[in-house]
Amino acid sequence: MEVPVAMPDFLVIGAPKAGTTALHAALAQHPGLYMSTIKEPKFFLSDGPPPTKGGPGDALTYREHVWRRPDYEALFDPAPAGTLRGESTPLYLYDRAAMSRIHDTLPGARLIVIVRDPVERAHSNWTHLWSAGLEPIGDFVRACGEEERRIEAGWASFWHYIGLGRYGEQLEYLFTLFPREQVLVIRYRLLVDEPAQTLDRICAFLGVETGVLTEIPRHNVTSHPESTLTHSAVALAQRTATAVGTLIPGLTAATLTGPLERYLQRHSRERQPLDWDQRQELLPRFETDIQLLEDVLGESFADWSKPRERSGGMVGGRPAGQSQARNGRRIVP
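Keep in mind the model is a prediction, meaning the values are calculated, not measured. (Residues numbered from 1 in each chain as written. Predicted model: local features only at pLDDT ≥ 70, side-chain atom pairs only at ≥ 80, totals over all residues. Heavy atoms only, no water.)

Scanning the entire structure with this criterion turns up 10 salt bridges. The shortest N-O distance in the salt bridge between Arg150 and Glu135 comes to 2.8 Å. Highlighted residues: Arg150 in helix α7 (residues 147-152) and Glu135 in the loop between α5 (118-131) and α6 (140-144), separated in sequence by 15 residues. Taking the relative accessible area as the measure of exposure, Glu135 reaches 0% and is therefore buried. (Salt bridge = Lys/Arg side-chain N within 4 Å of Asp/Glu carboxyl O. Helix = DSSP H or I, 4+ residues; strand = E, 2+ residues; numbered from the N terminus. Buried < 20%, exposed > 50% of the residue type's maximum accessible area, 1.4 Å probe, protein only.)

The subject of this paragraph is the environment of Ala18. With respect to the helices and strands, the residue Ala18 is situated in the loop between β1 (10-14) and α1 (20-27). A C-alpha to C-alpha distance of 6.7 Å links Ala18 and Arg121, two positions 103 residues apart in sequence.

This brings us to helix α8 (residues 167-177). All buried positions along α8 are accounted for by Tyr167, Gly168, Gln170, Leu171, Tyr173, Leu174 and Phe175. Looking at the buried side of α8, the elements it contacts are β1, α4 (96-105), β4 (110-115), α5, β5 (183-187) and α14 (287-297). (Contact = heavy atoms within 4.5 Å.)

Burial within β1 is extensive, with five of its five residues counted as buried. In the sheet, β1 pairs with strand β3 (residues 84-88) via three bridges, with the strands oriented parallel. Bridging across to β3, Phe10 finds its partner in Gly86. Relative to β4, β1 runs parallel, the two sharing four bridges. Note that in β4 the partner of Leu11 across the bridge is Leu111. (Pairing = 2+ DSSP bridges.)

This part takes up the packing of α8 against α14. Direction vectors running N to C along α8 and α14 enclose 35°, while the axes themselves pass 7 Å from each other. Residues Tyr167, Gly168, Glu169, Leu171, Glu172 and Phe175 of α8 form the contact with α14, whose own contacting residues are Asp289, Leu292, Leu293, Val296 and Leu297. Residue composition of the contact of α8 with α14, by class: seven nonpolar, one polar and three charged. (Axes fitted to C-alpha atoms, helices over the stretch in contact; angles between N-to-C directions. Nonpolar A, V, L, I, M, F, W, Y, C, P; charged D, E, K, R; others polar.)

The next thing to look at is the sheet that holds strand β2 (residues 33-35). Strand order in this open sheet of five strands is β2-β3-β1-β4-β5, and the pairing throughout is parallel. Of all the strands in the sheet, just β2 and β5 have a single pairing partner and so form its edges. With direction set aside, neighbouring strand axes in the sheet form an average angle of 25°. Note that β4 and β5 share five bridges and pair parallel. Opposite Val113, over in β5, you have Val185 as the bridge partner. Sheet strands touched by α1: β1, β2, β3 and β4. Its angle to β1, the strand with the most contacts, is close to 165°.

Printed below as a string of structure tokens:
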């Protein structure tokens with residue numbers, strides 16, 4: 001079965017907070033590739049309209065989903081002849097229904113997965129929502145303890161700090177749908193430490209010229225506002241605004257939350273390191289899955305179960321003038 005002309009040839013499917021925004025920006029610079037101008041269109045996350053309820057900010061974010069097929073196909077219409085078309089929605093890997101839809105629609109697509117130390121990934125995920133004023137719990141470990149309750153309450157998958165990092169389960173299922181030669185799994189740390197080599201590996205996997213891309217830009221760097229009374233007050237206003245905003249037809253999260261989010265992050269530090277005690281509290285939740293991941297991929301991830309030589313923001317602070325990425329919005333070159 002041939003991939004329809006207006007659909008992507010490859011997808012970056014996971015994981016959230018593992019460098020997918022930066023990778024999307026890097027791949028967009030390759031003359032043989034065309035990346036959708038909306039990073040994270042989320043088309044395959046629903047079969048029809050997305051949900052209308054969820055956790056703080058979820059309902060407004062759902063409005064940004066590109067869920068109608070003609071709109072999704074239109075993202076790839078501008079692709080120059082002969083280029084490979086791609087998009088990046090890192091929530092796909094975690095969502096089994098989404099992966100089934102991808103298999104049914106794009107059985108020949110090439111898939112790129114980035115795996116990151118699951119505790120570090122979870123912490124970056126929490127910090128992303130904390131810095132946006134949406135996460136109501138200022139303690140990372142305690143917020144992780146709320147995951148099951150939040151899932152039962154229907155909060156969106158981006159709140160699943162632990163679940164999103166269980167790559168063993170996700171890849172085991174993925175390989176029941178797609179042959180391994182169509183899937184490339186790379187480590188986040190290699191994007192940071194060996195960008196040119198890692199980009200060449202990705203380009204070779206996609207079948208385009210290597211030696212063209214050499215750098216991963218610093219995009220969507222997570223900031224870490226301090227827990228102050230001002231932060232608490234503005235964050236509460238942010239969550240209240242998102243709840244009220246669901247009553248206004250056509251309003252999106254980007255329109256409503258942007259000013260308050262920028263205010264919260266105006267003097268933010270880079271993401272702060274986790275200590276070994278915090279890691280030890282969370283590692284048991286991943287140990288079985290790390291073993292499964294090793295079995296599935298046939299390589300060791302033992303370093304994830306040890307103290308980190310580097311923690312926190314591995315790429316440093318956020319570049320001046322840059323804000324937290326609003327994935328789901330059209331990228332303006």
